[in-house]
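Residues per chain, in single letters:
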Amino acid sequence: MSIEQLKSLDLRREYNETLYAEAGDLLRYIVDTYGTQALIKALKDGNIPTVNEKDFFEFLEIEDHETSDIEKTIITLNISMEQKKFEGAIIYSNVTSQPYIYFRRTPRINIKEIKVNGENVNFIQSFTVVIPAKNFKKGSIEIKYSGDYSKIEKIAPKRGYIEGQIKRDTAFLRETFLRPMLNSVELFNVIEVRAKTDKGVVIALGELISPNIWRISFPHGFSGVIPVFAGEFKKIELMNGYLVVYYMGIDDETAERCANLTAEILEFGVKHFGKPGYGKVKVVYPKGISISSSMLDTLAYSHNPIRYKYGYAYEIAHWWVPGTVTFDTNTSQFWFNLAFPWYYSLKYAQNISQESYRKLRNYGISKYHKATKYGEKDVPLTEVWRVWRTDINLYYAVGAYKGALVLEKLEEYTGREVFFQSLKEFFEKYKFREGDLNDFVAILEKNSGKPVKELFQNLTTSTGLP
C-alpha cells in the first residue's frame, strides 16, 4: 500500500484490520522520525508530514534488536460471550524499555487507563497509543481496557491471522486483545493468566495452578503469542497426560481419531528430537473459528487433521521451533522458524511411506518453483526475512520448502542418526531462548567428525535448490 493510499483511508467507514495495521505502521514511522508532537499534530489536524515511500518501507524492514525484558506479566480477563464483550487488565512488572512505550490497538479495544510506576499517564487513543517515557529505565506498567465484538462482526485478519473473535458460544483472544503493548522484542519470564467466562470453560497457556489461573515460566526469557479460548469444550488426555486435546462442535469419535493422530505425530518428534520444553502441550479444535496456529504450548487447529495431516504435522513441529527454540533477533537465521517444521513434516511422511514422502517433497518443490518464477525472484535463506511483508508466498516457498531441503542435504551429508541427535542436543541446549545456528553447525561437526561450516554457509547464502 502506498503512502497516498494510507493518507486517504477512512477506516471508520470501511473497516479492514490489514489496512488498520499498516496505518499504524505509518504513525509509528512518524513518531520514530519526527517525534511525538508530530504524531499529535497528524492525529489532531490530519496533516501527515512528508514521507519518502522508499524510506518508509526500509523502516519497516529494519528489525529492532532492542528488547524489553519483562519479569512478570499478569493478564486478567472477563469474557462475556452473551454480550460479545470483554474487560481486561494487564500488569507488566520489572520492565526494561526503549525510550517510549508503543501500543497498537484495534477498533474493538478501548484503553481506559494506563499507569507507569503507579502514576496515571496521559495518552492519545487513535490508531496507536504512544507514551513518551524518556526517563523510563525500569518499573511497572498497568493497562486497563475493554473490548467489544457486538458492533463489528466482520473479521478481516491482519495478513491472514485472526487476532480475536467472540461468538455466542465460543471465544478466542490473543495478541493485542490480551497484551496491548508491542514494544520491539518482548522477553517474558513469567506469564500469569486469570480468566473467567459466562459460558463453559477457559483454556489458557501454561499450567492450571488454581481455578481460572494459569502460569508459565521461561528461565531465560522468551517471546511468543499468548492465547485464551472459552467455550463448552470437552477434553481427551493422551501420552500419560502430556498431551491434552480440547474440542467442541465435533462428535466424540471424530475427536478421538484426531487426538490419536496428534499423539502419533507428536510421539514421532519426541522419539527423534526430544520433548518440547513444556510440561504439557494442548490442542484446541475451536468451533466456528478459522485459525490454525501454534502459540507457545497451545495449538489451535480448525481444519480436518485427518485430511491435512502433513500440514497438521507442520503446526505440531512449532512446539519445537519456534515454540521451544526461537529465532527472532538474528534475521539471517529467521528461516529456520519455517524450515524445521516443513522438514519435520517430510520426515514424518517418510516414516509413513516413501510414496507419501515423495508426493509431499514434490509438492514443496512445485510451490517453490511457482513462487520464485523458476528462480527469477529467488532469495538466499539468509535474506528471506526481507520479503515477508511484500511477498508472503515467496517467504514461505524459500523459508519452508527450500529451507527443509537444505536441512535434508545436511542430514544426507552427516547421516540421519547424527543429524537427529544433533537437533535433539541443540533443542535441549537452547530451550526457551534464542537459538544460534552457528552452534548447531558446531554440534553437527562434533557428532559427525566432518567439516560442516562451509557447506552450511554455501547452502544458506546461495539461491536455487540444493
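Refer to the structure above for everything that follows.
Attention here is on the structure that accompanies the text.

Thresholds, definitions, all that
- Residues numbered from 1 in each chain as written.
- Predicted model: local features only at pLDDT ≥ 70, side-chain atom pairs only at ≥ 80, totals over all residues.
- Heavy atoms only, no water.
- Pairing = 2+ DSSP bridges.
- Helix = DSSP H or I, 4+ residues; strand = E, 2+ residues; numbered from the N terminus.
- Axes fitted to C-alpha atoms, helices over the stretch in contact; angles between N-to-C directions.
- Contact = heavy atoms within 4.5 Å.
- Phe/Tyr/Trp six-rings, centres within 6.5 Å; stacked < 30°, edge-to-face > 60°.
- Buried < 20%, exposed > 50% of the residue type's maximum accessible area, 1.4 Å probe, protein only.
- Lys NZ or Arg CZ within 6 Å of the ring centre and 35° of its normal.
- Parallel < 35°, antiparallel > 145°, perpendicular 65-115°, else oblique.
- Left-handed = near helix turned anticlockwise from the far one by under 90°.
- Nonpolar A, V, L, I, M, F, W, Y, C, P; charged D, E, K, R; others polar.
- Lys, Arg positive; Asp, Glu negative; His and termini not counted.
- Salt bridge = Lys/Arg side-chain N within 4 Å of Asp/Glu carboxyl O.
- Polar contact = N/O pair within 3.5 Å; in protein donor to acceptor, adjacent residues only side chain to side chain.

### Regarding the sheet that holds strand E16 (residues 243–247)
Taken in spatial order, the five strands line up as E15-E16-E17-E19-E18 in an open sheet, and their pairing is mixed. Sheet topology places strand E15 (234–238) and strand E18 (292–295) at the edges, where each strand pairs with a single neighbour. Neighbouring strand axes in the sheet, compared pairwise and without regard to direction, differ in orientation by 15° on average. Two strands pair when backbone bridges link them, and E18 and strand E19 (residues 298–301) are joined in this way by four bridges, in the antiparallel orientation. Bridge assignment links serine 292 to a residue of E19, and that residue is tyrosine 301. Running at roughly 155° to E19, helix H6 (residues 309–316) makes contact with strand E17 (281–285), E18 and E19 of the sheet.

### Considerations on the packing of aromatic side chains
The geometry of an aromatic ring pair is captured by two quantities: the separation of the ring centres and the angle between the planes. For the coordinates displayed, the defined rule picks out 34 aromatic pairs. Measuring from ring centre to ring centre gives 6.0 Å for phenylalanine 340 and tyrosine 344, while their planes differ by 70°; the resulting arrangement is edge-to-face. You can see phenylalanine 340 and its partner tyrosine 344 sitting in helix H7 (residues 336–352), four residues apart, about one turn around the helix. For the residue pair phenylalanine 340 and tyrosine 344, the accessibility class agrees, reading buried in each case. For the ring pair tryptophan 342 and tyrosine 401, a centre distance of 4.9 Å and an interplane angle of 75° mean the geometry is edge-to-face. Separated by 59 residues along the polypeptide, tryptophan 342 in helix H7 and tyrosine 401 in helix H9 (residues 392–414) bring together distant segments of the chain. Judged by relative accessible area, tryptophan 342 falls into the buried class, the value being 8%. A cation sits over an aromatic face here: lysine 275 above tyrosine 242, 4.2 Å from the ring centre. For the cation-ring pair, lysine 450 lies above tyrosine 413, with the distance from its terminal atom to the ring centre recorded as 5.0 Å.

### Overview of the sheet that holds strand E8 (residues 164–166)
The strand order across the open sheet formed by four strands is E8-E9-E14-E11, and the pairing between neighbours is antiparallel. The sheet is open, and its two edges are formed by E8 and strand E11 (201–204), each paired on a single side. Mean inter-strand twist for the sheet, computed between neighbouring axes without regard to direction, equals 15°. As paired strands, E11 and strand E14 (residues 227–231) are joined by four bridges and run antiparallel to one another. Looking at the pairing, valine 201 lines up with glycine 231 of E14.

### Describing the pairing of strand E12 (residues 207–210)
Two strands pair when backbone bridges link them, and E12 and strand E13 (residues 213–222) are joined in this way by three bridges, in the antiparallel orientation. In the sheet register, leucine 208 faces E13, and the bridge partner there is tryptophan 214. Between E12 and E13, which follow one another and run antiparallel, lie two residues, and asparagine 212 among them has a positive phi close to 70°.

### Here we look at the packing of helix H10 (residues 416–429) against helix H11 (residues 437–448)
Working note: a packed helix pair is described by the angle between its axes plus the distance between those axes. The N-to-C vectors of H10 and H11 enclose an angle of 135°; their axes lie 9 Å apart at closest approach. Our classification of the angle between H10 and H11 gives oblique. Judged by the twist between their axes, the crossing of H10 over H11 is right-handed. For the pair H10 and H11, contact is made by Val418, Phe419, Gln421, Ser422, Leu423, Glu425, Phe426 and Lys429 and by Leu437, Asp439, Phe440, Ile443, Leu444, Lys446, Asn447 and Ser448, respectively. Split into classes, the residues belonging to the contact of H10 with H11 amount to eight nonpolar, four polar and four charged.

### Points about the side chain of asparagine 337
Note that asparagine 337 resides in helix H7. For asparagine 337, a relative accessible area of 6% gives the class buried. Ignoring anything within four residues of it in the chain, the contact list for asparagine 337 reads His318, Val321, Pro322, Thr326 and Phe327.

### Overview of H6
Burial runs high along H6: six of the eight residues are buried. Restricting attention to buried positions, one finds in H6 the residues Tyr310, Tyr312, Ala313, Tyr314, Glu315 and Ile316.

### Focus: the environment of lysine 402
Checked against the element boundaries, lysine 402 lands in helix H9. Using a relative accessible area of 0% as the deciding quantity, one classes lysine 402 as buried. As for lysine 402 and lysine 367, which are separated by 35 residues in sequence, their C-alpha atoms are 9.8 Å apart. With sequence-adjacent residues up to four places away left out, lysine 402 is seen in contact with Tyr368, Asp378, Val379, Pro380, Leu381, Ala397, Leu459, Ser462, Thr463, Gly464, Leu465 and Pro466.

### Some remarks on the side chain of lysine 402
There is no salt bridge for the buried lysine 402, and the closest opposite charge comes from aspartate 378, which lies 4.1 Å off by N-O distance. There is a polar contact of 2.8 Å between the side chain of lysine 402 and the backbone oxygen of serine 462.

### Points about the pattern of salt bridges
Scanning all chains against the criterion turns up 21 salt bridges. Residues lysine 347 and glutamate 408 are paired through a salt bridge, measuring 2.8 Å at the closest nitrogen-oxygen approach. Pair noted here: lysine 347 is in helix H7 and glutamate 408 is in helix H9, with a separation of 61 residues, a long-range link. In this structure glutamate 408 comes out as buried when scored by relative accessible area, which is 8%. In this structure, lysine 377 and aspartate 391 form a salt bridge, with 2.7 Å as the shortest nitrogen-oxygen distance. Residue lysine 377 is found in the loop between helix H8 (354–372) and H9, and its partner aspartate 391 is found in the loop between H8 and H9; the two are separated by 14 residues along the sequence. The class of lysine 377 is partly exposed, set by a relative accessible area of 32%. Shared partners join several salt bridges into a network, and the residues in it are Lys347, Arg361, Glu408, Glu411 and Arg416.

### Notes on the environment of glutamate 445
Here glutamate 445 is to be found in helix H11. Considered as a pair, glutamate 445 and threonine 414 are 31 residues apart in the sequence and their alpha carbons are 8.4 Å apart. Excluding its chain neighbours within four sequence positions, the residues that come into contact with glutamate 445 are Lys450, Pro451, Val452 and Lys453. Only 2.8 Å separates the side chain of glutamate 445 from the backbone nitrogen of valine 452, close enough to count as a polar contact.

All we've got here are geometric facts, nothing functional implied.
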